[in-house]
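Chain by chain, the residues:
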Amino acid sequence: MSDRSTSSLLIAVALAGYGAFIASYVPAMLLGHSVPLLLICFVLQAVCALAAAVGVWRGEKWAAGAVVLLGVSVAATWLIEGFVLGLVAYLHALLVAVLAIVVALIVAAHLNRQRQHRSRTA
């Protein structure tokens, strides 16, 4: 197993773990009194993370896009929590939103480089 396939495996496991973690919030939000917009954001994060995990695991072309979509949904959730609902501090929400986008772009670039390398060697 090469380093590139190991990194893909680690990324896929991390995405699946994050998706499962975020999905664990949804049942409590459905049973309790929650803000519908926040529920939609958490469901979107869980779906994007799990879809990205499957895409990375299978080496699909769209996996990098799914990772970017996950980063955007994480950023949007934090911005809504901070600026719209006032649940978290503004600067903390802004920091996490920026970090989510940066990490998503780095992971997506890595996946694209890996896919290009595989297509050249095949």
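Look above for the structure.
Keep in mind the model is a prediction, meaning the values are calculated, not measured.

In this section: the environment of A52. The topology assignment puts A52 in helix α3 (residues 36-58). For the pair A52 and L15, spaced 37 residues apart in sequence, the C-alpha separation works out to 6.8 Å.

For the rest of this paragraph, the subject is helix α4 (residues 63-84). Each full turn of the α-helix corresponds to 3.6 residues, which orients residues three or four apart in the same direction. The terminal C-alpha atoms of α4 lie 30 Å apart, and with 22 residues this matches the ideal 32 Å at 1.5 Å per residue to within 8%. Directly beyond the C-terminal end of α4, a positive phi value near 70° is found at G86.

A few words now on the packing of α4 against helix α5 (residues 90-121). Viewed as axis vectors pointing N to C, α4 and α5 meet at an angle of 180°, and their least axial separation amounts to 8 Å. By the criterion of interaxial angle, the relationship of α4 to α5 is roughly antiparallel.

The next point concerns the side chain of S73. Take S73: it is sitting in helix α4. The exposure class assigned to S73 is buried, which follows from its relative accessible area of 4%. Ignoring anything within four residues of it in the chain, the contact list for S73 reads L44, Q45 and C48.

Moving on, we come to the pattern of salt bridges. Enumeration according to the criterion identifies one salt bridge in this entry. Taking the shortest distance from any N to any O, the salt bridge between E60 and R58 comes out at 3.6 Å. For R58, a relative accessible area of 59% puts it in the exposed group.

Before going further, it helps to spend a moment on the packing of α3 against α4. α4 packs onto α3 with a crossing angle of 160° between their chain directions and a minimal axis gap of 8 Å. One finds that α3 runs roughly antiparallel with respect to α4. The two elements α3 and α4 cross, and the hand of that crossing is left-handed. Judged by residue contacts, L37, L38, C41, F42, L44, Q45, C48, A49, A52, G55 and V56 of α3 engage A63, A66, V67, L69, L70, S73, V74, T77, I80 and E81 from α4. A per-class count over the contact of α3 with α4 returns 16 nonpolar, four polar and one charged.

The rules behind each value
- Residues numbered from 1 in each chain as written.
- Predicted model: local features only at pLDDT ≥ 70, side-chain atom pairs only at ≥ 80, totals over all residues.
- Heavy atoms only, no water.
- Helix = DSSP H or I, 4+ residues; strand = E, 2+ residues; numbered from the N terminus.
- Expected span 1.5 Å × (residues − 1).
- Axes fitted to C-alpha atoms, helices over the stretch in contact; angles between N-to-C directions.
- Parallel < 35°, antiparallel > 145°, perpendicular 65-115°, else oblique.
- Buried < 20%, exposed > 50% of the residue type's maximum accessible area, 1.4 Å probe, protein only.
- Contact = heavy atoms within 4.5 Å.
- Salt bridge = Lys/Arg side-chain N within 4 Å of Asp/Glu carboxyl O.
- Left-handed = near helix turned anticlockwise from the far one by under 90°.
- Nonpolar A, V, L, I, M, F, W, Y, C, P; charged D, E, K, R; others polar.

By themselves, these figures tell us nothing about what the structure is for.
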